[in-house]
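Descriptive analysis of the structure
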Number of protein chains: 2
Amino acid sequence: ALLEANGNLSCRCAKTTRVFIPPRKYSSIEVWPVGSSCRRLEVVIKLKSLERLCVDPDTPWVKKLLQDLPNLRKKEAPH
Amino acid sequence: ALLEANGNLSCRCAKTTRVFIPPRKYSSIEVWPVGSSCRRLEVVIKLKSLERLCVDPDTPWVKKLLQDLPNLRKKEAPH
């Protein structure tokens, strides 16, 4: 499981992936800022399959995703 | 309830608030990009009380929060 409580720290991500996930595959992005209970930034992507994946916040595509969040649009089918 | 399914569109936020929420009050931020099932950006803040609040993505403090996400740190107690 990629999500688990982590001993004395309450981090959510035991492992992270750097593999690119195309926007059409996920519904939302959860960001856990650095705080006293987990001393690193965590980014969790919720797939449409409802699975959650922890992604590495230092990977270029994730950095760019975070920067683009305010304007992010997913590809839509024509209508 | 601020969260509800929304007729033909699957949006999560029936209402949003513009009221500032200090970072120490929340644990994470959920961002739902614009997509075919909900045609607006949605930003949901998860309070430490586990309550979720939909915030207006066009409000200045929320815009700034989204921009700062990659580097956001919450105030920590000294250690």
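Residues numbered from 1 in each chain as written. Chains lettered and ligands numbered in written order. Predicted model: local features only at pLDDT ≥ 70, side-chain atom pairs only at ≥ 80, totals over all residues. Heavy atoms only, no water.

Let us look at the confidence of the model for chain A. Residues and elements named next belong to chain A. Looking at chain A as a whole, its pLDDT mean stands at 82, while 78% of the residues score no less than 70. Across chain A, element-level confidence peaks in strand β3 (residues 52–55) with a mean pLDDT of 96 and bottoms out in helix α1 (residues 60–68) with 91. Long-range and interchain partners of residues 4–8, a stretch whose pLDDT sits below 50, account for 7 contacts in this model, where long-range means more than four residues apart. (pLDDT = per-residue confidence, 0-100. Helix = DSSP H or I, 4+ residues; strand = E, 2+ residues; numbered from the N terminus. Contact = heavy atoms within 4.5 Å.)

A separate point is the nonpolar core. Grouped together as the largest cluster of nonpolar side chains are 32 residues, with contacts concentrated most on Ile 21, Ile 29 and Ile 45 of chain A together with Ile 21, Ile 29 and Ile 45 of chain B. If you list the elements that add at least two residues to this core, you get β1 (26–32), β2 (42–47), β3 and α1 of chain A together with β1 (26–32), β2 (42–47), β3 (52–55) and α1 (60–68) of chain B. When residues no more than four places from it in sequence are discounted, the contact partners of Ile 45 of chain A are Ile 21, Tyr 26, Ser 28, Ile 29, Glu 51, Arg 52, Leu 53, Val 55, Trp 61 and Leu 65 of chain A. (Core = buried A, V, L, I, M, F, W, Y, C linked by side-chain atoms within 4.5 Å. Buried < 20%, exposed > 50% of the residue type's maximum accessible area, 1.4 Å probe, protein only.)

With that out of the way, let us pick up the sheet that holds β1 of chain A. With antiparallel pairing, the 6 strands of this open sheet are ordered in space as β3(A)-β2(A)-β1(A)-β1(B)-β2(B)-β3(B). On the outer flanks of this sheet lie β3 of chain A together with β3 of chain B, each paired with one strand and no other. Going from strand to strand, the sheet's axes swing by 25° on average, the running direction of each strand aside. Sheet analysis places β1 of chain A next to β2 of chain A, joined by 6 bridges and oriented antiparallel. Bridge pairing in β2 of chain A places Tyr 26 of chain A opposite Leu 47 of chain A. (Pairing = 2+ DSSP bridges. Axes fitted to C-alpha atoms, helices over the stretch in contact; angles between N-to-C directions.)

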